[in-house]
Amino acid sequence: MVGGVTGDTERTSTGPGTGVAAATAGVTFQSNTAEDGEDAVAPAVEIRNVSLWYGANQALGNVTLDIPRNRVTALIGPSGCGKSTLLRCINRMNELIDGVRIEGDVFIDGENIYGPEVDPPDVRRIVGMVFQRPNPFPKSIYDNVAFGARINGYKGDMDGLVEESLRRAALWDEVKDDLRKSGLALSGGQQQRLCIARAIAVNPEIVLMDEPCSALDPIATQRIEDLMQDLASDYTIVVVTHNMQQAARVSHRTAFMLAGDDLVGRLVEFDDTNQIFLNPNDERTEQYITGRFG
Ligand SMILES: Nc1ncnc2c1ncn2[C@@H]1O[C@H](COP(=O)(O)OP(=O)(O)O)[C@@H](O)[C@H]1O
Ligand SMILES: [Mg+2]
């Protein structure tokens, strides 16, 4: 029925070519069941009853979810449902915005990052972020990658760190003879991989990606998708995407969010990605992934 799908393909309410199956036809899902032993490992991030207000406007309502370690977790949902806001709760970036109020807790490796003794910049050191528009600094490729390590006072082999980070970001072979060239001279897809290299050079545990491919062409997108899957062996990745196929292809777990009439973003459903795409529990999830609303 659906080419290459592993896992639960039993589904009676939508036939081939009409519903969920059509939305993900040809997609090979990540192996993402409890057989991985995922459930035996403590989650990397535990989001607990998080609500958030921009001034008087509530943007998140009571979101609770566990983000598995060394996996790719996708956040999906219509524009304005709070995906970026939720992502920024994981590295305390919302607090850079005036008038934001946050309730609830986020634990990373069991430690509450909203605890009174925690300094937000320390959180951002272990939680890297990659944005929608590639944003290299107007510096050389080398200096872009070395940037965070220099700030942190890294005393090791900087050349080695730069090379290793660029290799991990699948960019080394393309730039190794041009490390002094400006990062801004690269193509969009290369710039995004440079930003990923910059993010991982400081050795974070978690990498947040907010629609990292939406400004890229299909080939550059494919490279970033491959990279996300490679990186998941060493990092916990949370990616916001509007591309259903991308969520189905790269993620192990998918969270579907939706804002109601009150504009408060809430978590509707969170499950293994193949479950969300092939057999969602909530009708609204099915409606969204089959493109019927949102
Ligand atoms: N800096 C901000 N100031 C005020 N409101 C914001 C800000 N950022 C987002 N919002 C509001 O919060 C809600 C969720 O936005 P966002 O998290 O960007 O959604 P998504 O990423 O799912 O599109 C929206 O109603 C948006 O207008
Ligand atoms: Mg967003």
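Bear in mind the structure is a predicted one, so any value in this text is a computation, not a measurement.

Student: Help me understand the site of ligand 1 in this model?
Tutor: Lining the immediate environment of ligand 1, one finds 13 residues, of which Y54, A59, K83, S84 and T85 sit closest. Top contributing element to the shell around ligand 1 by residue count: helix 2 (residues 83-89), with three residues. Looking at side-chain class alone, the shell around ligand 1 contains five nonpolar, seven polar and one charged residues.

Student: Hey, could you run me through helix 8 (residues 218-231) in this one?
Tutor: The α-helix winds at 3.6 residues per turn, so residues separated by three or four positions along the chain end up facing the same way. Relative to the 20 Å expected for 14 residues at 1.5 Å per residue, helix 8 spans 20 Å between its end C-alpha atoms, a close match to the ideal helical length. Those residues of helix 8 that sit buried are I224, E225, L227, M228 and L231. The arc enclosing the buried residues of helix 8, seen along the axis, measures out at 160°, which places them on a common side. Those residues of helix 8 that are exposed and angled more than 90 degrees off the buried face are P218 and I219. Buried positions along helix 8 lie against strand 3 (72-76), helix 7 (188-200), strand 7 (206-210), strand 8 (236-240) and helix 9 (244-250).

Student: Could you clarify how one ought to interpret the confidence of the model for the chain in this entry?
Tutor: When pLDDT drops low, the exact placement of atoms in the prediction is not to be read closely. Looking at the chain as a whole, its pLDDT mean stands at 89, while 86% of the residues score no less than 70. Here residues 1-19 is a poorly scored stretch, pLDDT under 50, and it has 34 contacts once near neighbours within four places are set aside; other chains count.

Student: Would you take a moment to explain the packing of helix 4 (residues 141-151) against helix 5 (residues 158-168) for this structure?
Tutor: To describe two helices that pack against each other, one gives the angle between their axes and the distance between the axes. Viewed as axis vectors pointing N to C, helix 4 and helix 5 meet at an angle of 110°, and their least axial separation amounts to 9 Å. Our classification of the angle between helix 4 and helix 5 gives roughly perpendicular. For helix 4 against helix 5, the interelement crossing comes out right-handed. Taken together, the residues of helix 5 that come into contact with helix 4 (itself represented by Y142, V145, A146 and A149) are M158, L161, V162, S165 and L166. Looking at the contact of helix 4 with helix 5, its residues break down into eight nonpolar, one polar and no charged.

Student: I keep staring at the pairing of strand 9 (residues 253-259) and nothing clicks. Help me out?
Tutor: Each regular strand displays side chains that alternate between the two surfaces of the sheet. Of all seven residues in strand 9, seven are buried; the element is thus mostly enclosed. Burial along strand 9 is two-sided: R253, A255, M257 and A259 facing one way and T254, F256 and L258 facing the other are all buried. Of the strand pairs in this sheet, strand 9 and strand 10 (residues 265-272) are connected by seven bridges, and their pairing is antiparallel. In the strand pairing of strand 10, L258 is matched with R266. From the end of strand 9 to the start of strand 10, which pair antiparallel, there are five residues, and L263 there has a positive phi angle of about 65°.

Student: Can you walk me through unusual backbone geometry in this structure?
Tutor: Negative phi values dominate among residues other than glycine, just as trans dominates among peptide bonds. Even without glycine at this site, R92 takes up a positive phi of about 55°. Checked against the element boundaries, R92 lands in the loop between helix 2 and strand 4 (100-108). Phi is positive for D109, close to 50°, though the residue is something other than glycine. With respect to the helices and strands, D109 occurs in the loop between strand 4 and strand 5 (111-112).

Student: Looking at this structure, I do not really get the environment of D143. What am I missing?
Tutor: Of note, D143 is situated in helix 4. Sequence separation between D143 and L179 is 36 residues, and the spatial gap between their C-alpha atoms is 8.5 Å.

Student: Can you walk me through the nonpolar core in this structure?
Tutor: Within soluble globular proteins, side chains that are nonpolar tend to cluster in buried spots. Counting residues in each nonpolar core, the largest one holds 75 residues, and the members touching the most others are V207 and I237. Looking at this core element by element, the count peaks at six residues for helix 7. Not counting residues up to four positions away in its chain, the partners in contact with I237 are V72, T73, V207, M209, M228, L231 and A232.

How each quantity is defined
- Just so you know, the residues in each chain are numbered from 1, in the order the chain's sequence is written.
- Written order decides the labels, with chains lettered from A and ligands numbered from 1.
- Local features in this predicted model are restricted to residues of pLDDT 70 or higher, and side-chain atom pairs are both shown and tallied only at a pLDDT of 80 or more, whereas totals for entire chains, interfaces and linings draw on every residue.
- Defining nearness, a residue is near a molecule or strand when the C-beta atom obtained from its backbone falls within 6 Å of it.
- The helix and strand labels rest on DSSP assignments: H or I over at least four residues marks a helix, E over at least two residues marks a strand, and numbering proceeds from the N terminus.
- Side-chain classes are defined by residue name, with Ala, Val, Leu, Ile, Met, Phe, Trp, Tyr, Cys and Pro counting as nonpolar, Asp, Glu, Lys and Arg as charged, and the others, Gly among them, as polar.
- In this scheme, a helix's expected span is set at 1.5 Å multiplied by one less than its residue total.
- Whether a residue is buried, exposed or partly exposed is read from the other C-beta atoms within 10 Å of its own C-beta, which are placed from the backbone; 20 or more gives buried, 12 or fewer gives exposed, and intermediate counts give partly exposed.
- For this quantity, the arc is that covered by the directions from the helix axis to the C-beta atoms.
- Any two residues are considered in contact once their C-beta atoms, placed from the backbone, lie within 7 Å.
- Within a predicted model, pLDDT stands for the predictor's per-residue confidence, ranging from 0 to 100.
- Axis definition: a line fitted to C-alpha atoms, limited for helices to the stretch in contact. Angles are taken between N-to-C directions and run from 0 to 180 degrees.
- An angle counts as roughly parallel when it lies under 35 degrees, as roughly antiparallel when it exceeds 145, as roughly perpendicular when it falls between 65 and 115, and as oblique in every other case.
- Each crossing gets its handedness from the near helix: less than a right angle anticlockwise from the far helix is left-handed, clockwise is right-handed.
- Paired strands, as defined in this entry, are two strands with at least two bridges between them according to DSSP.
- Note on terminology: a nonpolar core is a set of buried residues of type Ala, Val, Leu, Ile, Met, Phe, Trp, Tyr or Cys, with members joined through C-beta atoms within 7 Å.

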